[in-house]
Structures are given as structure tokens and as C-alpha cells.
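Structure at a glance
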Amino acid sequence: MYTARNYVKAESLAQAHALNQRRANAILGGGCWMRMGERMYDTLIDLSGLGLDQIQDRGEEAALGAMVTLRQLETNFMLEKCFDGLFRKCTQHIVGVQFRNCATLGGSVYSRFGFSDIVTALLALSCQVELAGAGRIPLEEYVKQPRDRDVLAWVFVKKDGRPVAYETARNSETDLPVLTCALSRVGESWRAVIGARPGISRVVEDSTWEGLEKQVQALEYGDNMRGSARYRRHLAGVLLKRCREQMEVSGV
Amino acid sequence: MTIKWILNGAARTDEVEADETLLHCLRKVGCLSVKCGCETSGCGLCTVWMDGTPVLSCSVPAPRAEGHAVTTLEGLQEEAAEFGAFLADEGAEQCGFCSPGFIMNVLAMVRELKNPTEEEIQHYLTGNLCRCSGYQGQLRAIRKYLAVKGGEQG
Ligand SMILES: Cc1cc2nc3c(=O)[nH]c(=O)nc-3n(C[C@H](O)[C@H](O)[C@H](O)COP(=O)(O)OP(=O)(O)OC[C@H]3O[C@@H](n4cnc5c(N)ncnc54)[C@H](O)[C@@H]3O)c2cc1C
Ligand code: FES
Ligand code: FES
């Protein structure tokens, strides 16, 4: 468990951002991950009073606040309808309902965990993040940057109607994934995202299915306690095919 | 810091630390049904409701209870006893350590899901670990409890 001396419920994003510039301070998301650490913080910055717990339908895009919980993503009707159930599929195996009622989108995207179901799924869509300091940037760029002192406020997802599918392999139901795989179709091109390699999710695109499969096999895979590189490479091929089958079943 | 909140239906004011968890605060004010079973936010034993939603009190910072209504097993005595009897009838409880969190989540599920299927029940309850049993007794108890409850609702 962490320790902290002060707790500030931010009254504006600007205030949160200013406070977060000190290395001794930290933004508090759902606290599920931070709770496992032993860090000593000076000030914890709570974003829960800023209306960032909203999922908004803004016509051309969906706006997801940083404090939206994983359970909100899982059960939101608009997201279910517009993104082929992707948000349900990528959250439903994460620990349990009570956990998902706490853990946040912001904490998940900011952390850029290699094993992240959320990051893998989001990268299959067209997403931008809005940061308090740096403004709007593509998610693909954000996940490549090291964790810095900026505050993640929103994730915007384009509602472009692209077909999308999601699969993971887990050793047991609620464990961290051994591999994550998302697939989408962008115009005439395929887009695959492979995560938990165990490194951060990688995106590959190709105009042919065979080309896509080759690129996925050529990605770098590694060993850890959940699986070997060889096993992961094999799984990647299997999950990719299953994703395509998911799409075919839903008539794409 | 001072928080104003509602605990089991009663408004109250308490002093909490910046790094205090809701779990710690609840035990401090006498809700001893709330327990900590892991260090990894993954066992469900510490489940309480915040504004009716089941959450992990080990992860929720106590200062965040400000302005919210928290419910623990102490606030649901009658319902808990009713469902608890079904658990006992199926011999589901062995050491019983997991029960408070499990019952809180079952009662939340009953409110949230209409006529859940077996799969939906399991999905809702996978975040509650029990180290003694194989969950079969619990599932039988839930099925029987739901059948009786469904009957009452017509
Ligand atoms: C036991 C366990 C199992 C898990 N299993 C999975 C899994 O299977 N799949 C998966 O995808 N994920 C999994 N996760 C990760 C989980 O989904 C969340 O991503 C994680 O808990 C972080 O979210 P949080 O809201 O709890 O963040 P916190 O713990 O509150 O914060 C995490 C970090 O993000 C920073 N932060 C939070 N919000 C912001 C913000 N808005 N701007 C800038 N920085 C911010 C914090 O300062 C901190 O450094 C698991 C986590 C745990 C604890
Ligand atoms: S104590 Fe284990 S999840 Fe909270
Ligand atoms: S009965 Fe012992 S942990 Fe569940």
C-alpha cells in the first residue's frame, strides 16, 4: 500500500496538471494498481470531481472520460452498438465486477501496460487522447511515449463503423492475458493489434490477409512466467484467425 | 481530512487520512464484516457498495467516500440472513471467511441483473474467491434463492 501526506480533490484540470508537475505527487485513478505499490507520495490528486466519468456520444466520435470505469465501458449501450461489442469483450475478463467498478480508463491507458486488453482493443480503432498539457494526440503516438507528468483527460474514438473483433488467451479466466489480439477492417486494409507479447501492443496493417499473417508472425515475442515466445507466436496466429471468424459470423 | 458521508443509511462525519482506504475506515468505525483478503485487488472479500454499486473497499481511497452512500453487510442484515440461510442449507460455507464479500456481491447482482443465466451469474461472481470450496454449493444456493425471489416478485 502507498502512503501519502495530502489528498486534493482537483477543482479543475489545470489545477490537477499543475499539481502533477511535482514528481512526489500523483494522479489517482481507481487506485487498484497504485494500491499494490509501496510508493510514498506527497499529494494525491483526485480527478473524480471533474465530470470525467462520462461516456458521451458526440455524433462522429465517442468521448470517454479518464475516470470512466472499466465496468462502464463493458455495459454502455452506445459503445456496444457502435463498436461490435469490443468494449465488453476487452474488459469482461479483467478480475471481477467489483474491480471493474473501480479501475479506470485513464489509469489503464496512462499505464501503457504491455498486457493491456484496453490498449490492444483501442488501437484497433481510430483513437485520440486529450492531455491537459499536450492537447490531442493520436493514441498510437501516446502509447509509444514514456510515462510523463501530463494528465490524461479524455479518449476520443471515431465512430467510423469499421468492423472489429477481439480475442485473448488466458491461462485462467481472470488472470492477466498470455496474448491479446484485436482485428479491424479499415477500407480495403486489415489492421491487427497484438499485445501481451508480453511487451506493449503492436499494430500492423496490410492490404492482404496473407501479408497480415506474415507481419503478425514477424513481430517480436518474449518469454515470461505466463508463456514462452514460441507459444505466443503460435497463439497470435490462432487468435488472429478467430478474430476473422468473429467478423465473418457477424456478417462482414 | 473530514468527510461527510452516509454509512448504512445514516449520515455521518469522520476524520480520514490522505492514504487511508475505505476498507480501513469502515473497520475503524465498527463495520467488522469488511475484511482484507489480498494485497492485489483480486479477491473480492472487501466488497461493499458505493451508491449501490459493488466496489473493492481495499482500493477505494477513503476520502472518496465524501458525499457518497456506502453500504456494508451490517446495513443489510435481514437480506444477508435470508441468503445466508440458503448458503448454509447447501453446506457452501466452510471457514466462512469469504462470505461477507460474497454475499454483498450476490445481493448487488440480484439488483442489477434480471433473470441471469448460469453464465451471467458466474461472470458476475468470478471476482469473489473462496479458498475452501469449489463454488458448487454457492451456485446451488444462488439458484434456489433466485427461484424463491423470482416467485415473490411474481
Ligand atoms: C490484480 C490486477 C489484475 C489486472 N488484470 C488486468 C487484465 O487482465 N487486463 C488488463 O487490461 N488490465 C488488467 N489490470 C490493470 C487494470 O485494468 C487497470 O489498468 C489498472 O488497475 C490501473 O487502473 P486504475 O484506475 O486502478 O489506476 P491507478 O492505480 O489509480 O493508477 C495507475 C497509474 O496511472 C496514473 N494515472 C491514473 N489516472 C491517470 C490520468 N487520468 N492521467 C495520468 N495518469 C493517471 C496513476 O498516477 C498511476 O501511476 C489489472 C490490475 C490489477 C491490479
Ligand atoms: S482485499 Fe482482496 S480485493 Fe480487496
Ligand atoms: S469458505 Fe473458506 S474461503 Fe470460502
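**Considerations on the overall build of chain B**
Assigned secondary structure in chain B consists of 5 helices and 5 strands. In chain B, the order of α-helices and β-strands from amino to carboxyl end is β-β-α-β-β-β-α-α-α-α. Whereas a compact globule of 154 residues would reach a radius of gyration of roughly 15 Å, chain B reaches 16 Å, a difference of no more than 12%. Taken along the three principal axes of its C-alpha coordinates, chain B extends 45 × 35 × 25 Å. The contacts in chain B between residues at least 6 apart in sequence include a share of 58% that link residues at least 24 apart. For chain B, the computed accessible surface area is about 7200 Å², with 52% contributed by carbon and sulfur atoms. Across chain B, the 13 positively charged side chains and the 20 negatively charged ones have centroids separated by 2 Å.

**A word on the packing of aromatic side chains**
Each aromatic ring pair is specified by the distance between its two centres and by the angle formed by the two planes. By the definition in use, this model includes 10 aromatic pairs over all chains. With centroids separated by 6.3 Å and ring planes inclined at 20°, the aromatic side chains of Trp154 of chain A and Phe156 of chain A adopt a geometry described as stacked. Taking relative accessible area as the criterion, Trp154 of chain A reaches 12% and is therefore assigned buried. Using a relative accessible area of 3% as the deciding quantity, one classes Phe156 of chain A as buried. Grouping aromatic residues by their ring pairs yields a cluster made of Phe83, Phe86, Phe102 and Tyr145 of chain B. In this arrangement the basic side chain of Arg58 of chain A is found over the ring face of Trp154 of chain A, its NZ or CZ atom lying 5.1 Å from the centre. It is Arg185 of chain A that lies over the ring of Trp190 of chain A; its NZ or CZ is 4.1 Å from the centre.

**Side note on the nonpolar core**
Nonpolar side chains in soluble globular proteins tend to be buried together. Ranked by internal contacts, the top residues of the largest apolar core, which has 61 residues, are Leu64, Leu122 and Val157 of chain A. Residue contacts for Leu64 of chain A: discarding those within four places in its chain leaves Gln54, Ile55, Leu73, Leu79, Phe87, Leu105, Ala153, Trp154, Val155 and Val157 of chain A. One finds Leu87, Tyr124, Leu125 and Leu139 of chain B within the second-largest nonpolar core, a separate group that totals 23 residues.

**Points about the confidence of the model for chain B**
When pLDDT is averaged along chain B, the result is 95, and 98% of the positions lie at 70 or above. The ipTM, which scores confidence in the relative placement of chains, is 0.96 for this predicted complex, and the corresponding pTM is 0.97.

**Side note on the packing of helix α2 (residues 77–89) of chain B against helix α3 (residues 99–112) of chain B**
Residue and element names in this part refer to chain B. Interhelical geometry of α2 versus α3 gives an angle of 105° and a closest axis separation of 10 Å. Judged by the inter-axis angle, α2 sits roughly perpendicular to α3. Touching Glu79, Ala80, Phe83 and Leu87 of α2 are Phe102, Ile103, Val106, Leu107 and Arg111, all from α3.

**Observations regarding the site of ligand 1**
Residue and element names in this part refer to chain A. In the neighbourhood of ligand 1, 35 residues make up the surrounding shell, with Ile27, Gly30, Thr104, Ser108 and Asp117 lying closest. At 2.7 Å from an oxygen atom of ligand 1 is found a main-chain nitrogen or oxygen belonging to Gly31. Here ligand 1 loses 93% of its free accessible area of 970 Å² to cover by the protein chains. Counting only elements with at least two residues in the shell around ligand 1, the list comes to β2 (26–28), α6 (105–111) and α7 (117–123). With 5 residues, α6 is the single largest residue contributor to the shell around ligand 1. Counted by class, the shell around ligand 1 contains 21 nonpolar, 10 polar and 4 charged residues.

**A closer look at the side chain of Ser116 of chain A**
Residues and elements named next belong to chain A. Structurally, Ser116 is set in the loop between α6 and α7. By relative accessible area, which is 4% here, Ser116 ends up buried. Residue contacts for Ser116: discarding those within four places in its chain leaves Thr180 and Ser201.

**Here we look at the state of the cysteines**
Residue and element names in this part refer to chain A. Enumeration over the complete set of coordinates arrives at 0 disulfides over all chains. A disulfide-free cysteine, Cys32 has its sulfur positioned 4.8 Å from the sulfur of Cys102, the nearest such atom. By relative accessible area, Cys32 is classed as buried at 5%. Cysteine Cys90 remains unbridged, with the sulfur of Cys127 as its closest cysteine sulfur at 10 Å. By relative accessible area, which is 2% here, Cys90 ends up buried.

**Here's the deal with the pairing of strand β3 (residues 47–50) of chain B**
Residue and element names in this part refer to chain B. Here β3 shows two buried faces, one formed by Thr47 and Trp49 and the other by Val48 and Met50. Of the pairings in the sheet, the one linking β3 to strand β4 (residues 53–56) comprises 4 bridges and is antiparallel in character. For Trp49, the partnering residue across the bridge sits in β4 and is Pro54. Relative to strand β5 (residues 69–71), β3 runs antiparallel, the two sharing 2 bridges. Considered in β5, the bridge of Trp49 is made with Thr71.

What counts, and where the lines are drawn
Residues numbered from 1 in each chain as written. Chains lettered and ligands numbered in written order. Predicted model: local features only at pLDDT ≥ 70, side-chain atom pairs only at ≥ 80, totals over all residues. Heavy atoms only, no water. Helix = DSSP H or I, 4+ residues; strand = E, 2+ residues; numbered from the N terminus. Rg over C-alpha atoms; globule rule 2.2 N^0.38 Å. Contact = heavy atoms within 4.5 Å. Areas by Shrake-Rupley, 256 points an atom, 1.4 Å probe, with all protein chains shown as cover. Lys, Arg positive; Asp, Glu negative; His and termini not counted. Charge placed at Lys NZ, Arg CZ, Asp CG, Glu CD. Phe/Tyr/Trp six-rings, centres within 6.5 Å; stacked < 30°, edge-to-face > 60°. Buried < 20%, exposed > 50% of the residue type's maximum accessible area, 1.4 Å probe, protein only. Lys NZ or Arg CZ within 6 Å of the ring centre and 35° of its normal. Core = buried A, V, L, I, M, F, W, Y, C linked by side-chain atoms within 4.5 Å. pLDDT = per-residue confidence, 0-100. Axes fitted to C-alpha atoms, helices over the stretch in contact; angles between N-to-C directions. Parallel < 35°, antiparallel > 145°, perpendicular 65-115°, else oblique. Near = heavy atom within 4 Å. Polar contact = N/O pair within 3.5 Å; in protein donor to acceptor, adjacent residues only side chain to side chain. Nonpolar A, V, L, I, M, F, W, Y, C, P; charged D, E, K, R; others polar. Disulfide = S-S within 2.5 Å. Pairing = 2+ DSSP bridges.

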